[in-house]
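Topology and contacts: notes
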Amino acid sequence: MFLIHCPYCEEHREEEEFHAAGQAHLPRPLDPDSMTDEQWGDYLFYRKNTRGEYRELWVHAAGCGKYFNVSRNTQTYEIYATYKTGEVLESTSQMSVGPTGSVLNYRTADKEGS
Amino acid sequence: MATPTRSAPGIPRMSRFSGFGLIKQAYRHQEHWQRMWRNPKPKKHYDIVIVGGGGHGLATAFYLAKMHDKVNIAVIEKGWIGGGNTGRNTTIVRSNYLWDEAAHLYEHAMKLWEGLSQELNYNVMFSQRGVLNLGHNLQDMRDIERRVNANRLNGIDGEVLDAQQCAQIVPIMDCSGSTRYPVLGASWQPRAGVARHDAVAWGFARGADSYGVDIIQQTEVTDIVIEDGAAVGVQTAQHGVIKADRIGCVTAGNSGVLAGYAGFELPIESHPLQAYVSEPIKPILDTVVMSNAVHGYMSQSDKGDLVIGAGIDGYVGYGQRGSFPVIEHTMHAILELFPQVSRVHMNRQWGGIVDTTPDACPIISKTPVENLFFNCGWGTGGFKATPGSGHVFADLLAKGEPNAIAKPFNYWRFRDGSLIDEHGAAGVAH
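Residues numbered from 1 in each chain as written. Chains lettered and ligands numbered in written order. Predicted model: local features only at pLDDT ≥ 70, side-chain atom pairs only at ≥ 80, totals over all residues. Heavy atoms only, no water.

**Describing the overall build of chain B**
- Of the regular secondary structure elements, chain B holds 11 helices and 18 strands.
- Each principal axis of the C-alpha atoms in chain B carries an extent, and together these give about 65 × 60 × 40 Å.
- When the 430 residues of chain B are sorted by exposure, 60% land in the buried category.
- The contacts of chain B with a sequence gap of at least 6 include a subset with a gap of at least 24, amounting to 76%. (Helix = DSSP H or I, 4+ residues; strand = E, 2+ residues; numbered from the N terminus. Buried < 20%, exposed > 50% of the residue type's maximum accessible area, 1.4 Å probe, protein only. Contact = heavy atoms within 4.5 Å.)

What follows is the structure in structure tokens.
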């Protein structure tokens with residue numbers, strides 16, 4: 001059972017109050033009309049699915065109802081940090097984090113992890 | 001029916017299992033059973049290397065050897081064969097899928113299941129005890145009628161039952177109408193059922209081995225060797241580089257990691273899916289009951305324990321364990337249907353990592369890397385397809401081009417929009 005800190009309510013609450021809403025930091029295309037099918041496919045369907053540190057969106061469904069970001073390890077289930085949407089989480093030395101907020105290189109993360 | 005008793009050169013001939021053999025071994029104090037498969041040292045080069053020694057990977061190797069006369073094949077497995085999702089599922093086999101593409105694929109598997117024990121000369125304990133998919137509201141019943149009609153048009157058996165007929169098939173189920181989510185009816189597939197999951201892996205392994213396929217366990221693939229845009233081998237942690245003309249990856253929850261080695265991405269998210277087994281009790285349930293609306297499914301194994309499953313965790317996870325809230329929700333669902341099992345203790349609980357695609361259908365496909373093929377994305381329903389998956393993937397690996405059944409399940413469908421939306425159509429929502 002996760003105890004998740006909602007950055008808006010500023011409280012740790014049980015997992016059941018929340019819903020996971022997928023990968024975080026996926027900006028909606030600014031110019032949708034000019035996108036190719038491939039770009040749409042990437043935006044809609046392709047996710048990092050990282051084994052290791054992962055940035056994801058959660059919603060405090062049974063609480064304040066707001067979306068926020070979570071930095072969580074998908075192998076150990078440790079939650080490193082939660083932060084509001086629009087905020088930037090400083091990467092730590094153990095994370096090789098790219099501009100989208102996900103660990104960029106599966107191989108590095110995996111080999112070091114195992 | 002052909003049996004996998006033909007031996008490749010240098011491989012000792014395997015004796016057939018039979019009733020007479022059982023008696024013979026009993027008189028020899030069960031001390032002279034033949035080994036089921038060899039434990040070979042890997043060669044430097046294979047025609048085809050299959051990464052992942054689960055049911056699907058072993059079935060692929062078996063059908064490659066049997067149907068396509070390929071014998072220089074290796075199956076490389078990180079742990080032990082059948083130790084991943086093959087040994088972690090709830091063993092349900094059915095083919096009542098809505099869309100033509102999926103129906104053809106799963107029905108292809110169903111037909112192979114029906115002769116599998118004979119084909120492998122190995123009892124996979126396939127028991128066609130039928131599957132009920134319950135409906136609890138008017139929309140459920142409309143969907144059920146639509147799906148059953150679609151199934152019948154595809155030559156798949158199916159019937160729409162009302163609550164009374166459900167109660168006749170499963171007397172212990174609460175069909176009274178006084179529950180919060182009353183059972184209004186169900187779809188019923190009599191040919192569906194369960195199989196012994198471990199035996200499926202072992203049977204395919206024994207069958208493939210008898211044709212000379214090398215099954216290499218305890219060997220982890222740590223990279224895919226690519227030269228000029230084509231895969232030429234795999235890097236392993238234990239045995240260095242193993243070269244191959246063609247590579248097939250059948251690694252379920254770790255498919256995204258392998259695709260990462262090869263430098264492309266898969267539209268897959270890995271989620272934990274858990275299952276539970278109760279203490280053994282007397283026979284109360286001789287079929288499989290699944291419910292989409294209250295969200296749980298249950299069958300009873302031959303040992304007597306109740307085998308229960310439910311939904312995935314909503315978040316990405318590789319932990320091979322499920323979350324506590326899902327346990328509670330599943331038990332709610334089961335008790336809604338079967339109030340009298342409320343005092344039954346759960347013996348075991350475990351989780352497997354399922355590789356879910358956006359349309360809940362698998363990817364059986366060529367990839368952007370030449371000579372590299374993927375069979376993944378089976379999500380929550382891979383076990384039922386094991387022989388069919390192996391059969392069509394073997395065809396793809398042997399010929400380099402997908403056959404008519406596998407073709408719709410290509411990697412590029414997520415970019416050209418030709419999705420096969422089985423999310424709502426599967427018996428249980430995930």
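What follows continues from the structure just given.
**Focus on the interface of chain B and chain A**
- Listed as interface residues are 32 residues of chain B and, on the opposing side, 28 residues of chain A.
- Together chain B and chain A conceal approximately 2800 Å² of surface at their shared face, both sides included; 50% is due to carbon and sulfur atoms.
- Of all residues in chain B, Y315, Y318 and R415 of chain B bury the most surface against chain A, accounting for 27% of the area lost on that side.
- Between chain B and chain A we count 2 salt bridges in total.
- Between E265 of chain B and K48 of chain A there is a salt bridge, with the nearest N and O atoms lying 2.9 Å from each other.
- The interface formed by chain B and chain A includes 10 residue pairs in polar contact (both at pLDDT 80 or more).
- Of all the secondary structure elements, the ones that give two or more residues to the side of chain B that touches chain A are strand 9 (221-227), helix 8 (255-262), strand 12 (269-280), helix 9 (324-337) and helix 11 (413-416) of chain B. (Buried area = accessible area lost by both parts, 1.4 Å probe. Salt bridge = Lys/Arg side-chain N within 4 Å of Asp/Glu carboxyl O. Polar contact = N/O pair within 3.5 Å; in protein donor to acceptor, adjacent residues only side chain to side chain.)

**Points about the sheet that holds strand 3 (residues 19-23) of chain A**
Residue and element names in this part refer to chain A.
- Taken together, the 4 strands give an open sheet; going across it, the order is 3-4-5-6, and neighbouring strands pair in antiparallel fashion. Every interior strand has two partners, whereas the edge strands, strand 3 and strand 6 (79-84), have only one. Direction aside, neighbouring strands of the sheet carry axes that sit 30 degrees apart on average.
- Here 7 bridges tie strand 4 (residues 53-59) to strand 5 (residues 67-73), and the two strands are oriented antiparallel to one another. Within the sheet, the bridge partner assigned to L57 lies in strand 5 and is N69. (Pairing = 2+ DSSP bridges. Axes fitted to C-alpha atoms, helices over the stretch in contact; angles between N-to-C directions.)

**Structural notes on the confidence of the model for chain B**
- Confidence along chain B averages 92 in pLDDT terms, with 95% of residues attaining 70 or more.
- Note on residues 1-5 of chain B: pLDDT is under 50 here. Beyond four places in sequence and across chains, it has 18 contacts. (pLDDT = per-residue confidence, 0-100.)

**So, the pairing of strand 13 (residues 288-291) of chain B**
All names here are of chain B.
- Of the two faces of strand 13, the one lined by V288 and M290 and the one lined by V289 and S291 are each fully buried.
- Bridge count between strand 4 (residues 131-135) and strand 13: 4 bridges; the pairing is parallel. Counted as the bridge partner of L132 is V289 from strand 13.
- When strand 13 meets strand 14 (residues 296-300), the two strands line up antiparallel, connected through 3 bridges. For M290, the partnering residue across the bridge sits in strand 14 and is Y297.

**Side note on the packing of aromatic side chains**
- Taken as a whole and judged by the stated rule, the model has 21 aromatic pairs over all chains.
- Here F2 of chain A and Y77 of chain A contribute two aromatic rings whose centre-to-centre distance is 6.1 Å and whose plane-to-plane angle is 70 degrees, an arrangement assigned as edge-to-face. One end of the pair, F2 of chain A, is in the segment before strand 1 (3-6); the other, Y77 of chain A, is in the loop between strand 5 and strand 6, with 75 residues separating them in the sequence.
- Arranged with centres 5.1 Å apart and planes meeting at 90 degrees, the rings of Y411 of chain B and W412 of chain B form a pair that is edge-to-face.
- Its relative accessible area of 3% is what places Y411 of chain B among the buried residues.
- The class for W412 of chain B is partly exposed, based on a relative accessible area of 37%. (Phe/Tyr/Trp six-rings, centres within 6.5 Å; stacked < 30°, edge-to-face > 60°.)

**Examining the environment of A195 of chain B**
Residue and element names in this part refer to chain B.
- With respect to the element layout, A195 can be found in the loop between strand 7 (193-194) and helix 7 (197-210).
- For the pair A195 and C361, spaced 166 residues apart in sequence, the C-alpha separation works out to 22 Å.
- Setting aside its immediate chain neighbours within four residues, A195 contacts T91, V93, W113, V124, M125, F126, V200 and F383.

**Thoughts on the layout of surface pockets**
Residues and elements named next belong to chain B.
- Estimates place the volume of the second largest pocket at around 520 Å³.
- The wall of the second largest pocket is formed by 22 residues, among which T91, R196, H197, S301 and V307 lie closest to the centre.
- Counting residues per element, the ones that place at least two in the lining of the second largest pocket are helix 7, strand 14, strand 15 (305-312) and strand 16 (346-356).
- Here the residues of the lining of the second largest pocket are counted per class, giving 6 nonpolar, 9 polar and 7 charged. (1 Å grid on protein atoms, 1.4 Å probe; cavity = no way out; pocket = protein on both sides within 12 Å on 5 of 7 lines; lining within 4 Å. Points joined across faces, edges and corners; volume = space filled by probe spheres on them. Nonpolar A, V, L, I, M, F, W, Y, C, P; charged D, E, K, R; others polar.)

**Considerations on the sheet that holds strand 4 of chain B**
All names here are of chain B.
- One open sheet holds the 8 strands; their spatial order is 5-6-4-13-14-15-12-16, and the pairing between them is mixed. Edge positions in the sheet fall to strand 5 (159-162) and strand 16, since each has one partner strand and no second. Each strand of the sheet is rotated relative to its neighbour by a mean of 20 degrees, with strand direction disregarded.
- Bridge analysis of strand 14 against strand 15 gives 4 bridges, and the strand direction is antiparallel.

**Regarding the pattern of salt bridges**
Residue and element names in this part refer to chain B.
- As enumerated under the stated definition, the model contains 20 salt bridges over all chains in all.
- Between K303 and D305 there is a salt bridge; the shortest N-O distance is 3.9 Å.
- The exposure class assigned to K303 is exposed, which follows from its relative accessible area of 63%.
- Accessibility expressed as a relative area gives 7% for D305, which makes it buried.

**Observations concerning the packing of helix 2 (residues 55-68) of chain B against helix 7 of chain B**
Residue and element names in this part refer to chain B.
- Two elements in contact, helix 2 and helix 7, have axes whose closest approach is 8 Å; the angle formed by their N-to-C orientations is 30 degrees. The orientation of helix 2 relative to helix 7 falls into the category roughly parallel. When the axes of helix 2 and helix 7 are compared, the crossing they make is left-handed. Between helix 2 and helix 7, the contacting residues are G55, L58, A59, A61, F62 and Y63 on the first element and A201, F204, A205, G207 and A208 on the second.
- Within the contact of helix 2 with helix 7, the residues separate by chemical class into 9 nonpolar, 2 polar and no charged. (Parallel < 35°, antiparallel > 145°, perpendicular 65-115°, else oblique. Left-handed = near helix turned anticlockwise from the far one by under 90°.)

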